[in-house]
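Fold and geometry: a report
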Amino acid sequence: MDSVSQLVLGAAVGIAVMGKRTPVWKAALAGAVCGTLPDLDVFYDHGDAISNMTQHRTETHALLYLTAGAPLLAWLMAKLFSAGTHFRRWWLAVWLVLVTHPLLDMMTVYGTQLGIPFTHFPFAVGSIFIVDPLYTLPLIAGVGMALYRHNHRGIFWNNLLLGVSCLYLACTVVEQHQVTLHVSEELERQHIESTQVLVTPTPLNSLVWRVVVMTKDSYGEGFTSLLHPDSPIRFSFYPRGAALYETYKDNPFLARVAWFSHGFFSVKQQGNNILVSDLRMGQQPDYTFVFNLGDLSNNAANTLPTQVIAVRPSASKLFKQFRQALKVE
């Protein structure tokens, strides 16, 4: 999720666990700091664009490592904010703040390697967009109420609105399941033989969902709305570059993107260069992660991939797409 969501989630959890055992502002500050710490890995350069993408949300998001580091951080928070008292409560608060960070990240489509060192699998539910105001605003309101009231009533509102955000997150999973069932029916009705299907919400909402369908030689993109759950889905299909992938699949950078994207990628040639796109994030033709692998025909081992700066769709374009999807019938 975005940094604001992680910060206020940490603050909300810190307030909920610590209650009146320490001043509310201290619990909120400690929670906000601990909730932000795992994302500091973005400042580490792994040497190339693809490694930077695929090694974000790795060790700093691993549940085992966060659990191991929680006592030290808790001791530090107890020393700073409570003169060494309530250590066990701080331990619980810090641990919950740390582990809820990668668990929330897992709900997005990006991929979070929270099982390290046992597995490097990038877990991704994909039921919520990376920025969703309906998830974040209740957290902000709850933390604000707790800081403003400075009493049990404020903490009550923080806990209640934290629960509302958690309930909304659970609802997105149910919505994703319902949309997936509808997509399966549509693929069967339209006689589309798919190898993989991705269902994930469009930016800033959970009403309109984007569907990516992978076939043997192409990929399709379509949209469906929860306001019209039984409406036909119109798919547009594009070449996925299967032949190019077979030619260059031994390239470690291409293989890395193929693995990290769970197979939702496309390959195309632009001049002498090979481009690979992660199809999970963005919309046709504007994808968040597009990498230039260079001229692979020369087997240039020293060529490092670079990220192609994608043209971000304007707010008006996104709103137009959202409005059109809502009117699907």
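In this text, all values refer to a predicted model and were calculated from it rather than measured experimentally. (Residues numbered from 1 in each chain as written. Predicted model: local features only at pLDDT ≥ 70, side-chain atom pairs only at ≥ 80, totals over all residues. Heavy atoms only, no water.)

Here's the deal with the sheet that holds strand E4 (residues 236-239)
What counts here: Any two strands with at least two DSSP-identified bridges between them are counted as paired. The helix and strand labels rest on DSSP assignments: H or I over at least four residues marks a helix, E over at least two residues marks a strand, and numbering proceeds from the N terminus. For helices, the axis comes from a line fit to the C-alpha atoms of the stretch in contact; other axes are also lines fit to C-alpha atoms, and the angle between any two N-to-C directions lies between 0 and 180 degrees.
Strand order across the open sheet formed by four strands is E1-E2-E3-E4, with antiparallel pairing between neighbours. At either margin of the open sheet sits one strand with a lone partner, and together these are strand E1 (196-201) and E4. Direction aside, the axes of adjacent strands within the sheet are offset by 20° on average. Examined bridge by bridge, E1 and strand E2 (residues 208-214) share six bridges and lie antiparallel to one another. Within E2, the residue paired with Val199 across the bridge is Val211.

Some points on the UniProt feature "transmembrane region" (unreviewed entry) in the protein chain
We count it as follows: UniProt positions are given in the numbering used here, feature names are shortened, and annotations may be inferred rather than shown by experiment.
UniProt tags residues 62-78, 90-111, 123-148 and 155-175 as "transmembrane region" (unreviewed entry). Summarising residues 62-78: 94% helix, 0% strand, and an end-to-end C-alpha distance of 24 Å. Across residues 123-148, the secondary structure splits into 62% helix and 0% strand, with the terminal C-alpha atoms separated by 37 Å.

Brief notes about helix H1 (residues 3-18)
Applicable threshold: Here the expected span of a helix is defined as 1.5 Å times the quantity of residues minus one. Buried residues are those whose accessible area, probed at 1.4 Å on protein chains only, stays under 20% of the maximum for their type, while exposed residues exceed 50% and partly exposed ones sit between those limits. Contacts are assigned to residue pairs that have any heavy atoms within 4.5 Å of one another. Here a polar contact means two N or O atoms within 3.5 Å. Within protein one must be a hydrogen donor candidate and the other an acceptor candidate, and residues neighboring in sequence count only if both atoms are side-chain atoms.
Helix length check: H1, at 16 residues, gives a terminal C-alpha distance of 22 Å against a target of 22 Å (1.5 Å per residue), a fit within 8%. Taken across its 16 residues, H1 has 12 buried, putting it largely inside the fold. Residues of H1 that are buried sit in contact with helix H2 (24-36), helix H5 (87-106), helix H6 (133-149) and helix H7 (152-189). The opening residue of H1 is Asp2, an N-cap whose side-chain oxygen sits 3.2 Å from the backbone nitrogen of Val4. Residue Gly19 follows H1 closely and has a positive phi angle near 55°.

A look at the nonpolar core
Rules: To form a nonpolar core, buried Ala, Val, Leu, Ile, Met, Phe, Trp, Tyr and Cys residues must be joined to one another through side-chain atoms within 4.5 Å.
Grouped together as the largest cluster of nonpolar side chains are 39 residues, with contacts concentrated most on Ile15, Trp90 and Tyr135. Of all the elements in the fold, those that place two or more residues in this core are H1, H2, helix H4 (63-82), H5, H6 and H7. In this structure, Trp90 is in contact with Met18, Thr22, Lys26, Ala27, Ala30, Ala74, Met77, Ala78, Phe81, Ser82 and Thr85, ignoring residues within four places of it in sequence. Listed in part, the 29 residues of the second largest apolar core include Val109, Leu198, Phe253 and Phe260.

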